[in-house]
Amino acid sequence: MLAAILTALIPLGNANAERNWAATLYTGRLTDETLGNVLRADFSMEDAYWVGLGLTRRIYTYRHYFDLEVEGQVNKFFGDQDNWEFDFLGYVRWLPFPWDRYLDTSFAAGAGLSYATSVPEVEVQNQGDSAKFLGALSFEFTFALPSIPQWNLVAGIHHRSGAGGTFSGVRSASNGLDIGIRYWF
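Sequence order sets the numbering: in each chain, residues are counted from 1 along the sequence as written. In keeping with the predicted nature of the model, local features appear solely for residues at pLDDT of at least 70, side-chain atom pairs appear and are counted solely at 80 or more, and the whole-chain, interface and lining totals rest on all residues. Here the side-chain values reflect all heavy atoms present in the structure, with hydrogen atoms and water set aside.

Asker: Help me out: how do you make sense of the pairing of strand β3 (residues 66-79) in this one?
Answerer: Two faces belong to every sheet, and in a regular strand the side chains alternate between them. Judged from the 14 bridges that link them, strand β2 (residues 45-62) and β3 form a sheet pairing that is antiparallel. The residue of β3 that forms the bridge with Y60 is L68. Where β2 folds back on β3, the antiparallel hairpin that results is connected by three residues, among which R63 adopts a positive phi of roughly 50 degrees. Alignment of β3 against strand β4 (residues 84-94), held across eleven bridges, turns out to be antiparallel. Following the sheet pairing, Q73 is matched in β4 by D87. Two strands make a pair as long as DSSP finds a minimum of two bridges between them. In this text, helices come from DSSP runs of H or I with a minimum length of four residues, and strands from runs of E with a minimum of two, each type numbered from the N-terminal end. What sits between the antiparallel neighbours β3 and β4 is a turn of four residues.

Set out below in structure tokens:
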């Protein structure tokens, strides 16, 4: 429904036009496990949700193989965790998949910094420790119809971490799953 509303408000224009900026609206939910367990699909969901907005800038494309991007994110948490979070990440996005002519797909991995306005309660509850300022990782798949490549469905993993003690001596923090919609302009 959100895609239908946004499609009506934003003209589609030339589907092949060069678009280097994107806005993403997404929502997610925190898990109770480490990143390794989330990747193995061995986790339960917490009663902690977020809504976020991201602004992405593509800064380099190597042929049709990969993009380099930067993204700023603003997230508001609800439920058992009530804080704002601000993230800045750099991404490498792999572009070619064999089925792209039917469903244009990409995979991105990003790393950067995360700042929470208060020490996140769920991180302390699950890991025993946390801090306002931590590292951030993000992994995402995007899917787009080739006829409207500027519209993407985004699904990913959102990770905040002390990077093994690098940030404030924190060893781990939180992981969440998110889904959203992205528009390239």
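Asker: I keep staring at unusual backbone geometry and nothing clicks. Help me out?
Answerer: Comment: phi is negative for the bulk of residues other than glycine, and the bulk of peptide bonds are trans. The backbone of R63 shows a phi angle near 50 degrees, a positive value even though the residue is not glycine. Its place among the elements puts R63 in the loop between β2 and β3.

Asker: What should I look at first to understand the pattern of salt bridges in this one?
Answerer: Any two side chains of opposite charge can pair, on the condition that their charged atoms come close. By salt bridge we mean one thing: a side-chain nitrogen of Lys or Arg within 4 Å of a carboxyl oxygen of Asp or Glu. Tallied over the entire structure, the rule returns seven salt bridges. With a shortest N-O distance of 2.8 Å, R93 and E69 are connected by a salt bridge. Of this pair, R93 sits in strand β4 while E69 sits in strand β3; the two residues are 24 residues apart in sequence, bridging distant segments of the chain. With relative accessibility at 2%, the residue E69 sits in the buried group. One salt bridge connects R182 with E71, and the closest N-O pair in it is separated by 3.7 Å. In this scheme, a residue with accessible area under 20% of its type's maximum is buried, one over 50% is exposed, and one in between is partly exposed, where area comes from a 1.4 Å probe on protein chains only.

Asker: Sorry if this is basic, but what is going on with the nonpolar core here?
Answerer: Burial of nonpolar side chains together is a common tendency in soluble globular proteins. One finds Y26, L30, A48, W50, F77 and V122 forming the largest nonpolar core, which totals six residues. Those elements that provide at least two residues to this core are β1 (21-31) and β2. Nonpolar cores are built from buried Ala, Val, Leu, Ile, Met, Phe, Trp, Tyr and Cys residues. Side-chain atoms within 4.5 Å join them into one set. One finds A131, F167, V170 and A173 within the second-largest nonpolar core, a separate group that totals five residues.

Structural measurements only, silent on function.
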